[in-house]
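Chain by chain, the residues run as shown.
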Amino acid sequence: MGKQNSKLKPEMLDDLTSQTQFSPAEISEWYKGFCKDCPSGQLTVQEFQKIYGNFFPYGDASKFAEHVFRTFDVNSDGSQVS
């Protein structure tokens, strides 16, 4: 895990499409952006805070971003893996 893949696996794309209101094209585009921003395939809490802060430039969103990150850090290793 943590190795960059150029495309989402079809079953993962199907699952994300069926569980969200996003199109396969939108999900694929976001995944490409993730691979560009996180070429290792891992996202640390610090990187997440930086990205999240770009969406909320007025104020300090770091505590909330940390909480959101911990919610998805299922194995508590401090990273999210693609």
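Residues numbered from 1 in each chain as written. Predicted model: local features only at pLDDT ≥ 70, side-chain atom pairs only at ≥ 80, totals over all residues. Heavy atoms only, no water.

1. What about the overall build of the protein chain?
Inference 1: Secondary structure summary: the protein chain contains four helices and two strands in total.
Inference 2: Ordered by position from the N terminus, the helices and strands of the protein chain form the series α-α-β-α-α-β.
Inference 3: Counting all 82 residues of the protein chain, 23% fall into the buried class.
Inference 4: At a minimum sequence separation of 6, the contacts of the protein chain that also span at least 24 residues come to 48%. (Helix = DSSP H or I, 4+ residues; strand = E, 2+ residues; numbered from the N terminus. Buried < 20%, exposed > 50% of the residue type's maximum accessible area, 1.4 Å probe, protein only. Contact = heavy atoms within 4.5 Å.)

2. What about the packing of helix α3 (residues 45–55) against helix α4 (residues 62–72)?
Inference 1: At a minimum axis distance of 9 Å, the contact between α3 and α4 shows a crossing angle of 125°. With respect to α4, the axis of α3 lies oblique. When the axes of α3 and α4 are compared, the crossing they make is right-handed. Where α3 approaches α4, its residues Val-45, Phe-48, Gln-49 and Tyr-52 are matched on the opposing element by Ser-62, Phe-64, Ala-65, Glu-66, Val-68 and Phe-69. (Axes fitted to C-alpha atoms, helices over the stretch in contact; angles between N-to-C directions. Parallel < 35°, antiparallel > 145°, perpendicular 65-115°, else oblique. Left-handed = near helix turned anticlockwise from the far one by under 90°.)

3. Notes on the packing of aromatic side chains
Inference 1: Tallied over the entire structure, the rule returns five aromatic pairs.
Inference 2: An angle of 45° between the planes, with centres 5.9 Å apart, marks the rings of Phe-48 and Phe-69 as tilted. Linking Phe-48 in helix α3 with Phe-69 in helix α4, this pair joins segments that are 21 residues apart in sequence. Each of the two residues, Phe-48 as well as Phe-69, counts as buried.
Inference 3: Among the aromatic residues, those joined into a ring-pair cluster are Phe-48, Tyr-52, Phe-56, Phe-64 and Phe-69. (Phe/Tyr/Trp six-rings, centres within 6.5 Å; stacked < 30°, edge-to-face > 60°.)

4. Digging into the confidence of the model for the protein chain
Segments scoring low in pLDDT should not have their predicted coordinates read at a detailed level.
Inference 1: For the protein chain, the average pLDDT comes to 83, and 88% of its residues sit at 70 or higher.
Inference 2: The spread of mean pLDDT over the elements of the protein chain runs between strand β2 (residues 79–81), the lowest at 64, and helix α1 (residues 10–19), the highest at 93. (pLDDT = per-residue confidence, 0-100.)

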